[in-house]
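Tertiary structure, described
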Amino acid sequence: MRNVIKISALALSLIAAAANAQGVRTEKNISLDLANQIAAATVAACAANGYAVGVTVVDRAGTVRAVQRADNAGPHTLGASLQKAFTSASAKNNTLAMMEGAQKNPAAANLTDIPGFLLLGGGVPVKVGNEVIGAVGVGGAPGGHLDEACAVAALDKVKDQLK
């Protein structure tokens, strides 16, 4: 009987320890330095093509980490870049792909009703492997596909830090 009680107590303590271990998570997130590098590289990539843009970089929770607005970029570009970055981080997807999906699937059209979501190209997740640690949003190039291209070019410049 004593052995049964000892084994039961040991089993219960192991279960409790396992349950406690699951209560704390470790997550990767984007640093301020990396967010600033991505923002600057995105503005530079668009400027090289003649586009004056606004760029917002958010962390994994969609909270702003860095913002830049190129000379001559319209004031609307900052709001658009924020919403694209938030949408991309929240959905863990490129906003251009989401826009195209919503256009083809009437059931996905309701995504536009989510506060803060903007289904236009220019939002790209920042990933370490398959884990989304943030997102970059770009507004101001003459087309969402061009906004996205600038973000992708910037992420390519910092790819060695995304490991």
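An account of the accompanying structure is given in this report. In this text the structure is predicted, and so the values were computed from the model without any measurement.

As for the overall build of the protein
Within the protein, the secondary structure is distributed over five helices and four strands. Seen in sequence order, the protein has helices and strands lined up from the N terminus as α-α-β-β-α-α-β-β-α. Taken across its 163 residues, the protein has 40% of its residues classed as buried. Once local pairs closer than 6 in sequence are excluded, the contacts in the protein between residues at least 24 apart make up 65%. A total of about 9100 Å² of accessible surface is found on the protein, and carbon and sulfur atoms cover 56% of it.

Digging into the pattern of salt bridges
The final tally for this structure, using the stated rule, is six salt bridges. For Arg60, the salt bridge goes to Glu27, with nearest N and O atoms at 3.5 Å. Placement of the pair is Arg60 in the loop between strand S1 (54-59) and strand S2 (64-69) and Glu27 in the loop between helix H1 (2-21) and helix H2 (32-48), with a sequence separation of 33 residues. With a relative accessible area of 42%, Glu27 lands in the partly exposed category. Where Arg60 meets Glu131, a salt bridge forms, and the shortest distance between an N and an O atom there is 2.9 Å. With Arg60 in the loop between S1 and S2 and Glu131 in strand S4 (residues 131-139), this pair connects stretches of sequence that are 71 residues apart.

Some words on helix H5 (residues 144-157)
Taking 1.5 Å of rise per residue, the 14 residues of H5 would be expected to cover 20 Å, and the 20 Å separating its terminal C-alpha atoms lies within 8% of that figure. Structurally, H5 contributes buried residues whose contacts are with H2, helix H3 (76-91), helix H4 (95-104), strand S3 (123-128) and S4.

Here is what the cut-offs are and how they apply
- Residues numbered from 1 in each chain as written.
- Predicted model: local features only at pLDDT ≥ 70, side-chain atom pairs only at ≥ 80, totals over all residues.
- Heavy atoms only, no water.
- Helix = DSSP H or I, 4+ residues; strand = E, 2+ residues; numbered from the N terminus.
- Buried < 20%, exposed > 50% of the residue type's maximum accessible area, 1.4 Å probe, protein only.
- Contact = heavy atoms within 4.5 Å.
- Areas by Shrake-Rupley, 256 points an atom, 1.4 Å probe, with all protein chains shown as cover.
- Salt bridge = Lys/Arg side-chain N within 4 Å of Asp/Glu carboxyl O.
- Expected span 1.5 Å × (residues − 1).

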